[in-house]
Amino acid sequence: MKILLAMGLIGLSLVGCAKPQENSVKTETQVEEKLPRWEVITSKDEMRKTEQKFLAIKSDNSADFKFPYDGGSKLTLVLANTKGDEPRVVLVIDKGQYDCSIRACYGAVKFGDSPVQDLEFQEGATKEILVFTGNSKAFVANIRKFKKVIIELPFYQEGNQQFTFNTEGFSAEEPKIE
């Protein structure tokens, strides 16, 4: 549990610090070329001389929350240890707070055109982090399989909000965090 909490805190602190990455560039012939949407985040532990790598992607859409969050809030999907026995799946909202019960936080996910599935999360150290507690291996396998993912989560005084992710290119980026 401490590892998951620490990973969530690291993910939150690093997601906001990372330099934004452009999603497309114009080449000399003015043809738009897609760049990777996934971002590699590295967390270094100077004391232990170790580092951990995560893959993160921001939602394509945003939720327009009321005061005090005013404006568009994006959801970031953070994945770690994707080829291990227990991959870690963390969700971080950049502005806002989840509306969870004392025991858990419940949401839904839709991978491509597959049926909607219920999800269960635990809140991280702050109200902006959720740690997935279900079958994370299946979740990551579906990220590899489908190019579109929609995640629905409850937000305080805002109700359920849906965030869409274009997860294309995950398999090509995944070796960068092994």
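Residues numbered from 1 in each chain as written. Predicted model: local features only at pLDDT ≥ 70, side-chain atom pairs only at ≥ 80, totals over all residues. Heavy atoms only, no water.

A. Focus on the pattern of salt bridges. Using the criterion set out here, one finds seven salt bridges in the structure. The shortest N-O distance in the salt bridge between Asp60 and Arg37 comes to 2.0 Å. Here Arg37 lies in the loop between strand E2 (32–34) and strand E3 (39–45) and Asp60 lies in the loop between strand E4 (50–58) and strand E5 (63–65), a separation of 23 residues in the sequence. Since its relative accessible area comes to 23%, Arg37 is described here as partly exposed. Across the pair Glu51 and Lys53 runs a salt bridge, and its minimum N-O distance is 3.9 Å. (Salt bridge = Lys/Arg side-chain N within 4 Å of Asp/Glu carboxyl O. Helix = DSSP H or I, 4+ residues; strand = E, 2+ residues; numbered from the N terminus. Buried < 20%, exposed > 50% of the residue type's maximum accessible area, 1.4 Å probe, protein only.)

B. Expanded view of the pairing of E3. Summarising the sheet, E3 and E4 pair through seven bridges and their orientation is antiparallel. Across the sheet, residue Thr42 finds its bridge partner in E4, namely Lys53. (Pairing = 2+ DSSP bridges.)

C. Up close: the packing of aromatic side chains. Under the criterion given, the structure shown has eight aromatic pairs. Consider the rings of Phe65 and Phe155, whose centres lie 5.0 Å apart with planes at 45 degrees: the pair is tilted. One end of the pair, Phe65, is in strand E5; the other, Phe155, is in strand E12 (residues 148–155), with 90 residues separating them in the sequence. The class for Phe65 is buried, based on a relative accessible area of 4%. Each member of the aromatic cluster is reached from another via a ring pair, and the members are Phe111, Phe121, Phe132, Phe139 and Phe146. (Phe/Tyr/Trp six-rings, centres within 6.5 Å; stacked < 30°, edge-to-face > 60°.)

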